[in-house]
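Descriptive structure summary
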Amino acid sequence: MSNTDFLSDLPAELLSIIGHLLSSDDLGHLLLANKTLNERFTPLLYATLVFYDHTPAQQCVRTLSSDTSTIAYERDLASLIRTFTLKFERYGMADEQKAKFARRLARAVGRMTGLQHFTLDATFMCSPMVCRALVRAAAPTLRSLEIKPESKNWWGIADDSTRLEDVRPAFPELNSITLTLWEEQPWLEFFQHILGSRAGYLHKVAIRTLNADVAMSLLRTTAAWPLLDELTLSTPDLSLTSLPATPNVHTLTLIAISDADSDFVAPESFPNLEILACPCSLLPAFLPAVAQRQRRIRTVRLDGAYYARDGGDGDFGWESEHPDWEELCEVLTYIQYSGGPLTDLSICVHWVDIEAFGEEMGRYAGNLERLVVVLFDHPGNEHKFGTLGKSLFAHAPNLHTFVLSDAPIKSTDSSLSFFFAYETRKQIRWLEEWDKHTSALKEVAFTTGLVWTKTEEGWQAPKRQVEESDDDDDDDDDDDDEAGVEEEAAVDSDGSM
């Protein structure tokens, strides 16, 4: 008996487990073995299709839109898809190529009768023809929709005779929608109807557009979002006072909104807000010094700050807006006005003096459990890192994670980093000095490329082939220091912190 015959005789439940452990390439090879395995594994292979490149996406769409009589076993492969994602930019295509791809995509989408999650953020692909096909095929099953419609300038190229004025989609299962719209976006009525008809059931909404009027025309389709848990808005000059009631929003992300007056957000808005990501200038509007009821915000992420391990350079660039240290310190004074303990803080700043950083942050660290600091330039007074034990960590009894990100520096050249990023002997001395003032600290990073983890044996990091800098500070290194950094220990890495 061959191995493939043996597999074919296995129970369906066991085959399903095996299939979920295989890569897409391995699945593709296995289903070619015989008809039984083809029948078992083809639905699994096509259940989730994600493309970030034009060429494989074009090849797949060609197959999905083909006549079923030309496909092995005459299967309608598009009907097997549950998650479909196209996310890429492709310029320089001839108009005829664009139109052909768009028409094929519309035919393919029109067959996705079991589709649950649809993402279309691909150049020249999202036209009214595709949207109409989506409504026709996936209306009963669609749960999440992320879409970037094309501008009106391109519709004629797609030979799109279908229109959306008369289409009023009903998506009874839809609970998440993300829209990225142009400044002048026709067929708004199509999206207004979706938002309005599903207002009482949506859990996640994200709207990105440079036109505040376009955003408000969508947001005003209902008086309330009673179940909405997560809201993302990226629109300059947008005021939050006219938003529908959001009694249960726990996560709010604001992008490209930098100025806020006293009426930017109503006092009664977002009463249950817990996680706030916004430009630092907006934080005082959500945590005012005087309020009848303060919001219990526990996580704050300012100016897009986050930490990505393994050398990630994030989305930072030198053209990004980021505050100076004095401006940030003024904003951080509002942390004290949260109605509950703020435990997670991520900040972006151009440059800091390490000694001043420790003294200032020590004032706000009493409840912190995690602190992320993204710097656009090398910090000053790096020889003062050891003093953070007394100035910062002694005042932060719950702080278990402290990471510095040099992602903005790496965004221009991935080979760059902080001057001290891989000086591990120097870092181990700082960590041991901090241990004199805190027992809570468990995870520390001085760059996106190296993470220290506290174990029973002490501070450990993955072994790296890193050239140590020769400076005066290393003259007093002893054998214990070298042993501490030469031991290798596993550090879990999920790609982000």
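1. Description of the overall build of the chain
When its secondary structure is counted, the chain shows 16 helices and 16 strands. Here the chain, with 497 residues, has 50% of them falling under the buried criterion. If you take every contact in the chain between residues at least 6 apart in sequence, the share linking residues at least 24 apart comes to 72%. About 23400 Å² of surface is accessible on the chain, with carbon and sulfur atoms providing 46% of the total.

2. As for the side chain of K410
Among the secondary structure elements, K410 is positioned in helix α14 (residues 407-410). A distance of 2.7 Å separates a polar atom in the side chain of K410 from a polar atom in the side chain of T448.

3. Details of the pairing of strand β4 (residues 144-147)
The side chains of a regular strand alternate between both faces of the sheet. Across four bridges, strand β3 (residues 117-122) lies against β4 in parallel orientation. If you follow T119 over to β4, its bridge partner there is E146. Where the polypeptide runs from β3 across helix α7 (residues 128-138) and back to β4, its parallel neighbour, the crossover connection is right-handed.

4. Remarks on the confidence of the model for the chain
Predicted confidence across the chain gives a mean pLDDT of 84, with 85% of residues reaching 70 or more. Across residues 155-159, confidence stays below pLDDT 50; counting only partners more than four residues off in sequence or on other chains, it has 12 contacts. Here residues 465-496 is modelled with pLDDT under 50, and outside its nearest four sequence neighbours on either side it reaches 48 contacts, counting other chains as well.

5. Comments concerning the environment of A72
As for its position among the elements, A72 is in the loop between α5 (54-64) and β2 (83-88). When the C-alpha positions of A72 and N38 are compared, they lie 9.7 Å apart, and in sequence the two are 34 residues distant.

6. Notes on the pairing of strand β13 (residues 401-405)
For β13, the tally of buried residues reaches five of five residues, placing the bulk of the element in the interior. Of the two faces of β13, the one lined by T401, V403 and S405 and the one lined by F402 and L404 are each fully buried. Direction of pairing for β13 relative to strand β14 (residues 443-447): parallel, over a ladder of three bridges. Across the sheet, residue F402 finds its bridge partner in β14, namely V444.

7. Looking at unusual backbone geometry
Positive phi, close to 50°, is recorded for F270, a residue that is not glycine. Position of F270 among the secondary structure elements: in the loop between β8 (251-255) and β9 (275-278). With a relative accessible area of 1%, F270 lands in the buried category. Positive phi is not limited to glycine here, since N381 has a value of about 60°. Its place among the elements puts N381 in the loop between β12 (370-375) and α13 (388-391). The exposure class of N381 is partly exposed, given its relative accessible area of 31%.

About the criteria used
Residues numbered from 1 in each chain as written. Predicted model: local features only at pLDDT ≥ 70, side-chain atom pairs only at ≥ 80, totals over all residues. Heavy atoms only, no water. Helix = DSSP H or I, 4+ residues; strand = E, 2+ residues; numbered from the N terminus. Buried < 20%, exposed > 50% of the residue type's maximum accessible area, 1.4 Å probe, protein only. Contact = heavy atoms within 4.5 Å. Areas by Shrake-Rupley, 256 points an atom, 1.4 Å probe, with all protein chains shown as cover. Polar contact = N/O pair within 3.5 Å; in protein donor to acceptor, adjacent residues only side chain to side chain. Pairing = 2+ DSSP bridges. Right-handed = clockwise from strand over helix to strand, strands pointing away. pLDDT = per-residue confidence, 0-100.

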